[in-house]
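Residues per chain are reported as follows:
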Amino acid sequence: MNRFFIITNEHRDRDLSVTRSIQDYIESKGGQSSFYVSNKSEWSRRGLRALGAADVEADCIIVLGGDGTLVRAARDMARMEIPLIGVNLGTLGYLCELDMTTVYAAIDGLFEDRYEVEKRMMIEGTGPDEEAAAEPASALNDIVIHRSGGAQLINLILTVNGEYLTTYSADGMIISTPTGSTGYSLSAGGPIVDPRTELLLITPINPQSFTTRSIVVGADAQIEVMLSKRRLERDEEAEVTFDGDHFVTLKVGERIRIRKAAVSAQVMKVNQLSFLQILRSKFQS
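Scoring rules and cut-offs
- Residues numbered from 1 in each chain as written.
- Predicted model: local features only at pLDDT ≥ 70, side-chain atom pairs only at ≥ 80, totals over all residues.
- Heavy atoms only, no water.
- Core = buried A, V, L, I, M, F, W, Y, C linked by side-chain atoms within 4.5 Å.
- Buried < 20%, exposed > 50% of the residue type's maximum accessible area, 1.4 Å probe, protein only.
- Helix = DSSP H or I, 4+ residues; strand = E, 2+ residues; numbered from the N terminus.
- Contact = heavy atoms within 4.5 Å.
- Salt bridge = Lys/Arg side-chain N within 4 Å of Asp/Glu carboxyl O.
- Pairing = 2+ DSSP bridges.
- Axes fitted to C-alpha atoms, helices over the stretch in contact; angles between N-to-C directions.
- Phe/Tyr/Trp six-rings, centres within 6.5 Å; stacked < 30°, edge-to-face > 60°.
- Lys NZ or Arg CZ within 6 Å of the ring centre and 35° of its normal.
- Expected span 1.5 Å × (residues − 1).
- Arc of directions from axis to C-beta.

### A closer look at the nonpolar core
Then, number 1: Formed by 29 residues in total, the largest nonpolar core has its most connected members in Ile145, Ile202, Ile223, Val240 and Ile256.
Then, number 2: Per-element accounting of this core gives the leading share, four residues, to strand β8 (residues 154–160).
Then, number 3: Among all residues touching Ile223, those that are not within four sequence positions of it are Leu158, Thr159, Ile175, Leu200, Ile202, Val217, Ile256, Arg257 and Ile258.
Then, number 4: Within the second largest apolar cluster, 24 residues are counted, among which are Leu48, Val56, Ala74 and Leu84.

### A closer look at the pattern of salt bridges
Then, number 1: In the structure shown here, the tally under the stated rule is 14 salt bridges.
Then, number 2: Measuring nitrogen to oxygen at the nearest pair gives 3.8 Å for the salt bridge that ties Asp243 to Arg75. One end of the pair, Asp243, is in the loop between β14 (237–242) and β15 (245–251); the other, Arg75, is in helix α3 (residues 67–77), with 168 residues separating them in the sequence.
Then, number 3: Here Glu124 ties to Arg259 by a salt bridge, and the two come within 2.8 Å at their closest N and O atoms. A residue pair is termed long-range when its members are at least 10 positions apart, and Glu124 in strand β5 (residues 116–126) and Arg259 in strand β16 (residues 255–269) qualify at 135 residues.
Then, number 4: The class for Glu124 is buried, based on a relative accessible area of 14%.
Then, number 5: Judged by relative accessible area, Arg259 falls into the partly exposed class, the value being 41%.

### Thoughts on the environment of Thr166
Then, number 1: Structurally, Thr166 can be placed in strand β9 (residues 163–170).
Then, number 2: The exposure class of Thr166 is partly exposed, given its relative accessible area of 24%.
Then, number 3: For the pair formed by Thr166 and Ile62, sequence separation is 104 residues and the distance between their alpha carbons is 42 Å.
Then, number 4: With near-sequence residues (within four places) excluded, Thr166 lies in contact with Leu156, Ile157 and Leu158.

### Overview of the sheet that holds β14
Then, number 1: What the six strands build is an open sheet, ordered β12-β11-β10-β7-β14-β15; its pairing is antiparallel. Edge positions in the sheet fall to β12 (215–218) and β15, since each of these pairs with one other strand and no more. Going from strand to strand, the sheet's axes swing by 20° on average, the running direction of each strand aside.

### Remarks on the packing of aromatic side chains
Then, number 1: As enumerated under the stated definition, the model contains three aromatic pairs in all.
Then, number 2: Their ring planes at 70° and their centres at 5.0 Å tell us that Tyr25 and Tyr104 sit as a pair that is edge-to-face. On the criterion of sequence distance, the pair formed by Tyr25 in helix α1 (residues 17–28) and Tyr104 in helix α4 (residues 103–111) is long-range, its members being 79 residues apart.
Then, number 3: Overall, the relative accessible area of 25% leaves Tyr25 in the partly exposed class.
Then, number 4: Across the ring face of Phe111, the terminal group of Lys29 is positioned such that the distance to the ring centre comes to 5.3 Å.

### With respect to α1
Then, number 1: With twelve residues, α1 should cover 16 Å at 1.5 Å per step; its first-to-last C-alpha distance of 16 Å lies within 8% of that length.
Then, number 2: Looking at α1, one finds that the buried residues are Val18, Thr19, Ile22, Gln23 and Ile26. One side of α1 holds all its buried residues, which, seen down the axis, span an arc of 130°.
Then, number 3: Tucked inside the fold, the buried residues of α1 contact β1 (3–9), β2 (32–38), β3 (60–65) and α4.
Then, number 4: Following α1 by one or two positions, Gly30 adopts a phi angle in the positive range, close to 90°.

What follows is the structure, given as structure tokens:
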């Protein structure tokens with residue numbers, strides 16, 4: 001491959017010095033490159049979905065930022081089926097394979113087609129029918145339903161494949177992919193899952209019950225989460241986010257429907273480290 005598209009988090013490379021250095025290196029080797037600069041507020045508003053095939057004529061997308069930047073880029077570019085690789089310019093993460101000490105050698109390997117591509121399962125959700133968010137949106141890491149305003153718990157009724165499972169009284173709930181198991185789900189007490197597997201993790205956030213644990217269901221599960229009234233004297237709401245970006249606000253009696261997405265994210269690997277080796281290094285750091 002020799003055509004590259006660079007997505008840069010403007011907060012991690014404010015003067016674009018890293019972006020231009022990588023671009024110069026690619027072009028010095030006879031490759032083609034272009035770049036796009038975005039920030040979280042822009043992603044929350046429209047993401048990269050406004051870009052079309054004519055804007056991204058590339059064999060590979062290099063993402064400069066951190067795990068969050070890579071997650072949003074992989075989610076929004078999945079429909080193009082162009083593999084991505086992340087360069088970590090921030091804090092230590094699980095998803096970005098490269099940093100500034102390894103990126104140039106990795107580019108050499110990409111020119112020589114020395115890489116593998118892992119397909120990562122994504123999920124999609126549909127909001128209340130009367131909302132503008134009735135059309136499905138996708139997430140690579142997680143869909144989170146959490147309380148909106150105040151410090152009170154919310155009641156969330158969980159249904160799987162049309163069958164009532166349980167009602168959580170908690171700060172919220174995380175529906176996570178295997179890739180997202182090392183993100184917010186992990187912070188909430190969820191298990192770590194090999195990102196190449198296909199399943200769904202359901203993890204409550206600060207549940208009232210001491211015995212509540214994460215639930216693992218199959219990738220073909222159809223999940224519904226409904227906001228139930230907890231206190232008669234107040235109107236309750238819950239915010240729904242996809243990979244940290246606002247999707248819709250639920251009112252009492254409204255629900256969101258979640259399932260496996262039709263598309264997958266394609267994440268590139270240039271080293272031979274297994275998931276267990278990466279995990280072991282995180283435990284030791």
